[in-house]
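# Secondary and tertiary structure notes
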Amino acid sequence: MERFMSVERRVGVGIIGCGNISSQYLKAIRNFPVLEIIAVADMRPEIADKKAAEFGLKAVPVDALLADPKVEIILNLTIPRAHVEVGLRTIAAGKHVYAEKPLGITFAEGKKLADAAKAAGLRLGSAPDTFLGGAHQEARALVDSGAVGDVVGGTAFFACPGHERWHPDPAFYYDVGGGPVLDMGPYYITDLVNLLGPVARVQAMAATPQLERPIYSEPRKGQTMPVKVFTHVAGLLQFKSGAIIQATLSFDVPAHAHLPFELYGSTLSVLVPDPNNFGGELKTRPATEKDWTVVTSKLPYADTSYRSLGLADMAHAILENRPHRASGDLALHVLEVMEAFETAAKTGQSVEITTPVERPAPLSQSVIARAAAS
């Protein structure tokens, strides 16, 4: 399987935020020769020092990282409430920014960041990039080929008993900017836009069954934390294509047997793998068959976690002067959709989505082009 391997030169990356997710990025970045990690930084210097020692990197203060001329892109791995603040500082320093999801915790602040990047002529990118994984790109190819027919409907389902059962510091998942929609919604909605195009409107209902939750994970086991967000949300997404997707996102489900993602086309039904992963089993079934058929993926980035693939694509896009796929426009559209869940739940009204977005180009186009040129 061809991959992004050959490079004109390496693009310098600085990382701000050395928390739980940073290790996944630092491990995955090793797969992409185009990315050169210059240094890491965190508002807590001791955390940055520890992460730098673990991965053989240099730790510097945030201001020093932003001022370093070797850094072209800042990878922003701070907590969601800091994404826009750090992003704006990055743009003011004249650097491109790629952020962990979500783009911001409100549509208004996400738009402020997107507008600032465009005004400065700088690139804005955002996770998730799992939709670029081989299994999801295979699903995209299936839809694009016409084999599925017209997608009429589908389901997107994420539910768990809560992150307090595993995360070492889970309180921010239940604070403003947390909740299952902003935490897990980006994976599902981004992949749906990749497959179906932009969302037109949203309807939803939501609940907060527990206003205070116990922590079961170490080191805060036995403590409690307040809940300031909806933790069980059910909604409908109507796409401009006409498809209607039922979505459930919850931190209040002890166990379930739902598949994460199903599409119902006029010709085929499709079982899409978990959009929080890059790979997984893709299956199809027409009305005339009794069994599901496994679609074997021939596309790359499906065999492990590549949580930096979107960043690598953005670096290649800078060198090749083309649009990158995990873009600010895509992330802003997804953020507006996620905020619409809350608005619709509070008002009982359908919410129209205003941000335009085009489906990102299939990843295979650039991978194949680079392989042919190398």
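In this text, all values refer to a predicted model and were calculated from it rather than measured experimentally. (Residues numbered from 1 in each chain as written. Predicted model: local features only at pLDDT ≥ 70, side-chain atom pairs only at ≥ 80, totals over all residues. Heavy atoms only, no water.)

What follows covers the overall build of the chain. On a plain count of helices and strands, the chain comes out with 10 helices and 16 strands. The C-alpha radius of gyration of the chain comes to 20 Å, within 12% of the 21 Å expected for a compact globule of 374 residues. Taken over the C-alpha atoms alone, the chain extends approximately 60 × 55 × 35 Å along its principal axes. Split into buried and exposed, the 374 residues of the chain put 56% on the buried side. Taking all contacts inside the chain whose residues are at least 6 apart in sequence as the whole, residues at least 24 apart take part in 74%. (Helix = DSSP H or I, 4+ residues; strand = E, 2+ residues; numbered from the N terminus. Rg over C-alpha atoms; globule rule 2.2 N^0.38 Å. Buried < 20%, exposed > 50% of the residue type's maximum accessible area, 1.4 Å probe, protein only. Contact = heavy atoms within 4.5 Å.)

Moving on to the packing of aromatic side chains. How two aromatic rings sit relative to each other is set out by the distance from centre to centre and by the angle between their planes. Tallied over the entire structure, the rule returns 7 aromatic pairs. Centre to centre, the rings of F172 and Y173 are 4.3 Å apart; their planes meet at 25°, and the pair counts as stacked. Among the aromatic side chains, those forming a connected cluster through ring pairs are F32, F278, Y301 and Y306. For R165, the ring lying beneath its charged end belongs to Y216, and the centroid distance is 4.4 Å. (Phe/Tyr/Trp six-rings, centres within 6.5 Å; stacked < 30°, edge-to-face > 60°. Lys NZ or Arg CZ within 6 Å of the ring centre and 35° of its normal.)

Another aspect to go through is the confidence of the model for the chain. For the chain, mean pLDDT is 95; residues scoring 70 or higher make up 97% of the total. Confidence drops under pLDDT 50 across residues 368-374; counting only partners more than four residues distant or on other chains, this segment forms 8 contacts. (pLDDT = per-residue confidence, 0-100.)

Pairing in this open sheet of 9 strands is mixed, and the strands run 15-14-13-12-6-11-10-7-16 from one edge to the other. Strands with a single pairing partner mark the edges of an open sheet, and in this sheet they are strand 15 (293-295) and strand 16 (351-352). As defined by bridge partners, strand 10 (residues 232-239) adjoins strand 11 (residues 244-250) across 7 bridges and the pair is classed as antiparallel. Bridging from a neighbouring strand, V233 pairs with L249 of strand 11. Along the sheet, helix 6 (residues 134-144) contacts strand 12 (261-265), strand 13 (268-271), strand 14 (282-286) and strand 15; its crossing angle with strand 14, the most-contacted strand, is approximately 25°. Across the sheet, helix 7 (residues 179-196) lies against strand 6 (151-159), strand 7 (199-207), strand 10, strand 11 and strand 12, angled at about 160° from strand 11, the strand it touches most. (Pairing = 2+ DSSP bridges. Axes fitted to C-alpha atoms, helices over the stretch in contact; angles between N-to-C directions.)

Attention now moves to the sheet that holds strand 2 (residues 35-41). Pairing is parallel across the open sheet formed by 5 strands, whose spatial order is 2-1-3-4-5. At either end of the open sheet lies a strand with only one pairing partner, and these are strand 2 and strand 5 (124-126). Each adjacent strand pair in this sheet contributes to an overall mean axis angle of 25°, direction not counted. When strand 3 (residues 73-76) meets strand 4 (residues 96-99), the two strands line up parallel, connected through 4 bridges. Residue pairing for strand 4: N76 is matched across the bridge by A99.

Taken as a whole, this structure holds 21 salt bridges when the rule is applied. The salt bridge partner of D63 is R89, with a shortest N-O separation of 2.4 Å. Taken together, the positions of D63 in helix 3 (residues 62-67) and R89 in helix 4 (residues 83-92) put the pair 26 residues apart, joining distant regions of the chain. Close ionic contact of D252 with R213 constitutes a salt bridge, the shortest N to O distance being 2.9 Å. Placement of D252 in the loop between strand 11 and strand 12 and of R213 in strand 8 (residues 212-214) is noted, with a sequence separation of 39 residues between them. A relative accessible area of 1% places R213 in the buried class. Salt bridges sharing common partners tie together D313, E320, R322 and R325. (Salt bridge = Lys/Arg side-chain N within 4 Å of Asp/Glu carboxyl O.)

In this section: the environment of K240. Take K240: it is sitting in the loop between strand 10 and strand 11. With 42 residues separating them in the primary sequence, K240 and P198 have C-alpha atoms 6.1 Å apart. Once residues within four sequence positions are removed from consideration, K240 is found in contact with P198, V199 and A200.

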